[in-house]
Amino acid sequence: MNFEYFISKRLVTKTDHKSNISAPIIKIAISAIAIGIIMMFIAISTGFGLQNKIREKIAAFNGHMVINNFSNNQSTITDNPISTHQEFYPDFTAVPEVEHIQKVATKYGIIRTETDFEGIVVKGVEENYRWTYLQEYLVEGKLPVFEEKISKEVLISNYLANRLGFAVGDKLIVYFLREDQDRLPRSVGLTISGIFDSGFKEFDETYVIADLKQIQRLNNWEENQIGQFELFVEDFSDLKEVGYKVYEEVDSFLNASSIIELYPSIFEWLKMFDFNIILIIGIMILVAGINMITALLVLILERTQMIGVLKALGATDWSVRKIFLYNAAFLIFKGLFWGNLIGISLLLIQKFLKVIPLNPETYYVSEAPIYLSLDYILVINIGTLLLCVLMLLVPSVIITKISPVKAMKFE
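Heads up: these notes are all about the structure in this document. None of these values were measured; they are calculated from a predicted model.

**Remarks on the packing of aromatic side chains**
Part 1 of the reasoning: In total, this model carries 22 aromatic pairs according to the counting rule given.
Part 2 of the reasoning: With 6.0 Å between their ring centres and 65° between their planes, Phe48 and Tyr371 make a pair best called edge-to-face. Of this pair, Phe48 sits in helix α2 (residues 22–62) while Tyr371 sits in the loop between α12 (360–363) and α13 (374–393), and the two are 323 residues apart along the sequence.
Part 3 of the reasoning: An aromatic cluster is built from Phe61, Phe196, Phe200, Phe203, Tyr207, Tyr263, Trp269, Phe273, Tyr363 and Tyr364, whose rings are joined through pairwise contacts.
Part 4 of the reasoning: Over the face of the ring belonging to Phe232 we find Arg130, whose NZ or CZ atom lies 4.6 Å from the ring centre.

In structure tokens, the structure reads:
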């Protein structure tokens, strides 16, 4: 039988402590642990959720990496074509971390209606385009089908549909400028097959997804000429290292850029969330630890006579300290239980009901995204437990200073 655990269990199950001075302090300590867990869950799940969601939205329209001509670098439009006859296409075997590669091309255009017009970027994609993200953002209609012949089906954003009064199945006319500016713009009739809403205003205001062959025809390109390649990697955290490998493998007249390089301001902003998460975790654990130290000191003061009796009966200082550490650990577990129950419930409510909206112009998403993972839940719980117990080792030293004779006379 574990003597220390037995004594601490009796102390915990004893009901007469509820009338003592320690009762409200213990409740405050448990509440501090629970609130700390809730705040850490919210900080991590929303921080990581926002980072992942924004990365996904940027990747949906750019891939994780872009290979194009140096003349097209940092440009939305791919005026100068590159050949598809590359050693790395269709499979980038030299860099196994690259899991998908696709052909795209972009061209400026203007949608004109009877009452309004809007400047856009028509993005031509192929049949093996990664539709996963756009399928998720699809709010009406279906994805376009691109076969051997040139397809007239396109995807437009909900923003453009509302602004210009379009619906699924409507015809739209897009005007493209010619190289010879003295000639009238070239008009192309297209059909809306679906409407998407990514919540990323910068992209929703700009892109119309069409058939790559339409762009090739408008630019008078050959079948093997495209604007650029888009690459997807297996693990986004390895993007920087994979980027170096990709750059080394492409020809000298081509440039390879990651979306971190293409959108540096956004990713610098996302990095700030890491610091905020660490700061919140540190503060919450510190507050919880201080409250637990206070509770432990009160418990020791309240049980001074018991400490004297145990020492008089031969218990060592470390044995008595373990009794109170077990007692404190129980309070920590209680706080962890309520913190997990309330925290995870709040996250699930937000994940499925989306009760907290965000301004997409500021955060690039319309509601607070939630990232749930068993990994960080376990790390937070185990880390909080260990750090709080370690913080309690120092104040428990006060037990070694208590004299058995004086303690048994203590009131």
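**A short note on the side chain of His64**
Part 1 of the reasoning: Here His64 lies in the loop between α2 and β1 (65–69).
Part 2 of the reasoning: His64 gets classed as buried once you look at its relative accessible area, which sits at 8%.
Part 3 of the reasoning: Within the structure, the side chain of His64 is placed 3.0 Å from the backbone nitrogen of Val233, a separation counted as a polar contact.
Part 4 of the reasoning: Not counting residues within four places of it along the chain, the set of residues in contact with His64 comprises Ala59, Tyr133, Leu231, Phe232, Val233, Phe236, Leu239, Ser257, Ser258 and Ile259.

**Quick notes on α13**
Part 1 of the reasoning: Helix length check: α13 (20 residues) gives 29 Å between terminal C-alpha atoms against 28 Å at 1.5 Å per residue, within 8%.
Part 2 of the reasoning: Turning to α13, its buried residues are Tyr376, Ile377, Ile380, Asn381, Thr384, Leu385, Cys388 and Leu392. Along the long axis of α13, the arc covered by the buried residues comes to 160°, so they all point the same way. Set apart from the buried face of α13 by more than 90 degrees, the exposed residues are Leu374, Asp375, Val379 and Leu390.
Part 3 of the reasoning: Looking at the buried residues of α13, the elements they touch are α2, α9 (264–302) and α11 (317–353).

**Overview of the packing of helix α10 (residues 304–312) against α11**
Part 1 of the reasoning: For the pair α10 and α11, interaxial distance at closest approach is 10 Å and the crossing angle is 145°. You can see that α10 and α11 cross each other, and the crossing is right-handed. Here α10 contributes Met306, Ile307, Leu310 and Lys311 to the contact with α11, which in turn contributes Asp317, Val320, Ile323 and Phe324.
Part 2 of the reasoning: Across the contact of α10 with α11, the residue classes break down as 6 nonpolar, no polar and 2 charged.

**Quick look at the nonpolar core**
Part 1 of the reasoning: Membership of the largest hydrophobic core comes to 76 residues, with the highest contact counts inside it found for Ile67, Phe92 and Val246.
Part 2 of the reasoning: Top element by residues in this core is α2. It accounts for 6 residues.
Part 3 of the reasoning: Leu11, Met292, Leu331 and Cys388 belong to the second largest nonpolar core, which has 40 residues in total.

**Details of the pairing of strand β11 (residues 228–233)**
Part 1 of the reasoning: Burial runs high along β11: 6 of the 6 residues are buried.
Part 2 of the reasoning: Sheet analysis places β1 next to β11, joined by 3 bridges and oriented antiparallel. Along β11, the bridge assignment pairs Ile67 with Phe229.
Part 3 of the reasoning: Here strand β3 (residues 98–112) pairs with β11 via 6 bridges, running antiparallel. Among the inter-strand pairings, Lys103 is bridged to a residue of β11, identified as Phe229.

**Side note on the environment of Arg321**
Part 1 of the reasoning: Looking at the secondary structure, you find Arg321 in helix α11.
Part 2 of the reasoning: Using a relative accessible area of 14% as the deciding quantity, one classes Arg321 as buried.
Part 3 of the reasoning: Along the backbone, Arg321 and Ile300 are 21 residues apart, and their C-alpha atoms lie at a distance of 9.4 Å.
Part 4 of the reasoning: In contact with Arg321, other than residues within four places in its own chain, are Leu393, Ser396, Val397, Ile399 and Thr400.
Part 5 of the reasoning: Within polar-contact distance, the side chain of Arg321 engages the backbone oxygen of Leu393 at 2.9 Å.

What counts and how
- Residues numbered from 1 in each chain as written.
- Predicted model: local features only at pLDDT ≥ 70, side-chain atom pairs only at ≥ 80, totals over all residues.
- Heavy atoms only, no water.
- Phe/Tyr/Trp six-rings, centres within 6.5 Å; stacked < 30°, edge-to-face > 60°.
- Helix = DSSP H or I, 4+ residues; strand = E, 2+ residues; numbered from the N terminus.
- Lys NZ or Arg CZ within 6 Å of the ring centre and 35° of its normal.
- Buried < 20%, exposed > 50% of the residue type's maximum accessible area, 1.4 Å probe, protein only.
- Polar contact = N/O pair within 3.5 Å; in protein donor to acceptor, adjacent residues only side chain to side chain.
- Contact = heavy atoms within 4.5 Å.
- Expected span 1.5 Å × (residues − 1).
- Arc of directions from axis to C-beta.
- Axes fitted to C-alpha atoms, helices over the stretch in contact; angles between N-to-C directions.
- Left-handed = near helix turned anticlockwise from the far one by under 90°.
- Nonpolar A, V, L, I, M, F, W, Y, C, P; charged D, E, K, R; others polar.
- Core = buried A, V, L, I, M, F, W, Y, C linked by side-chain atoms within 4.5 Å.
- Pairing = 2+ DSSP bridges.

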